Amino acid sequence: ADNIYTYFQRRDIDSNLTTEHINISKNNIGINVKIKGYSQPDSSMVVFLEGSAVGFTNNGAVAKGRFYHHMYPATHLKGESNTYLYNSRIPRMDKNDTFHLNLITSDNGDTIASISIGEKMESSGMDLSAAELNDLFLTIDISRSTLKISVGNFDAIPHHEIKF
């Protein structure tokens, strides 16, 4: 998915010729997920995002609704056994919006993990009110039942680690 760059301005035009200098902002969060420790083929796991923000209103406010995106593995890391990378983008959210990452088995729908990470974004260093939003990097180690959240890259310090 592509980045979302926006600029919101209400302006009354009272002549035939007018100019406006604009500054566009990156108004989405890149979601980069590294899943480790899953010993089954990647086709046996379904990874999807759910949230409560779907875009923007005409005045630039966060539009509410059901966000859903089924993520497909971007690659299987050759040097790391049982490690898969997934990528997606979500629109800007408010602090009160929800954001869930769900992992289920494709054969019987059993939940591997359902992680509510919306409220954890700020503790990882993400400023949801910033003009430019950073991307989010999640490392999920299924064998250890841990989730590491970082801003910047997969190995960024500081990061926030939780058990699920």
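Now for a quick tour of the structure. (Residues numbered from 1 in each chain as written. Predicted model: local features only at pLDDT ≥ 70, side-chain atom pairs only at ≥ 80, totals over all residues. Heavy atoms only, no water.)

Observations concerning the nonpolar core
Right, on to step 1. Grouped together as the largest cluster of nonpolar side chains are 33 residues, with contacts concentrated most on Ile 35 and Leu 136.
Right, on to step 2. Elements with a contribution of two residues or more to this core: strand 3 (28-36), strand 4 (45-56), strand 5 (62-71), strand 7 (83-91), strand 8 (99-105), strand 9 (111-116), strand 10 (136-141) and strand 11 (146-151). (Core = buried A, V, L, I, M, F, W, Y, C linked by side-chain atoms within 4.5 Å. Buried < 20%, exposed > 50% of the residue type's maximum accessible area, 1.4 Å probe, protein only. Helix = DSSP H or I, 4+ residues; strand = E, 2+ residues; numbered from the N terminus.)

Overview of the packing of aromatic side chains
Right, on to step 1. Under the counting rule described, the total for this entry stands at two aromatic pairs.
Right, on to step 2. When the ring of Phe 8 is compared with that of Phe 56, the centres are 5.8 Å apart and the planes differ by 50 degrees; the resulting orientation is tilted. On the criterion of sequence distance, the pair formed by Phe 8 in the loop between strand 1 (5-6) and strand 2 (25-26) and Phe 56 in strand 4 is long-range, its members being 48 residues apart.
Right, on to step 3. Among the residues examined, Phe 8 registers a relative accessible area of 32% and is labelled partly exposed.
Right, on to step 4. Under the relative-accessibility criterion, Phe 56 is labelled partly exposed at 21%.
Right, on to step 5. Here Phe 48 and Tyr 68 contribute two aromatic rings whose centre-to-centre distance is 5.2 Å and whose plane-to-plane angle is 35 degrees, an arrangement assigned as tilted. Remark: Tyr 68 occurs in strand 5 and Phe 48 occurs in strand 4; sequence separation between them is 20 residues.
Right, on to step 6. For Tyr 68, a relative accessible area of 41% corresponds to the partly exposed category. (Phe/Tyr/Trp six-rings, centres within 6.5 Å; stacked < 30°, edge-to-face > 60°.)

Examining the environment of Leu 49
Right, on to step 1. Assignment of secondary structure puts Leu 49 in strand 4.
Right, on to step 2. Here Leu 49 falls in the buried class, since its relative accessible area comes to 0%.
Right, on to step 3. In this structure Leu 49 touches Ile 31, Phe 67, Tyr 68, His 69, Met 71, Ser 88, Ile 90, Phe 99, His 100 and Leu 101, once residues within four positions along its chain are discounted. (Contact = heavy atoms within 4.5 Å.)

Points about the pattern of salt bridges
Right, on to step 1. Evaluation of the coordinates by the stated rule reveals four salt bridges.
Right, on to step 2. A salt bridge links Lys 26 to Asp 135, with the shortest nitrogen-to-oxygen separation between them at 2.7 Å. Residue Lys 26 is located in strand 2, and its partner Asp 135 is located in the loop between strand 9 and strand 10; the two are separated by 109 residues in the primary sequence.
Right, on to step 3. Looking at Asp 135, the relative accessible area reads 24%, which means it is partly exposed.
Right, on to step 4. With a shortest N-O distance of 2.9 Å, Arg 66 and Glu 50 are connected by a salt bridge. With a gap of 16 residues between them, Arg 66 in strand 5 and Glu 50 in strand 4 connect regions that are remote in the sequence.
Right, on to step 5. Accessibility expressed as a relative area gives 23% for Glu 50, which makes it partly exposed.
Right, on to step 6. Bridged by salt links that share partners, the residues Lys 64, Asp 94 and Asp 97 form one connected network. (Salt bridge = Lys/Arg side-chain N within 4 Å of Asp/Glu carboxyl O.)

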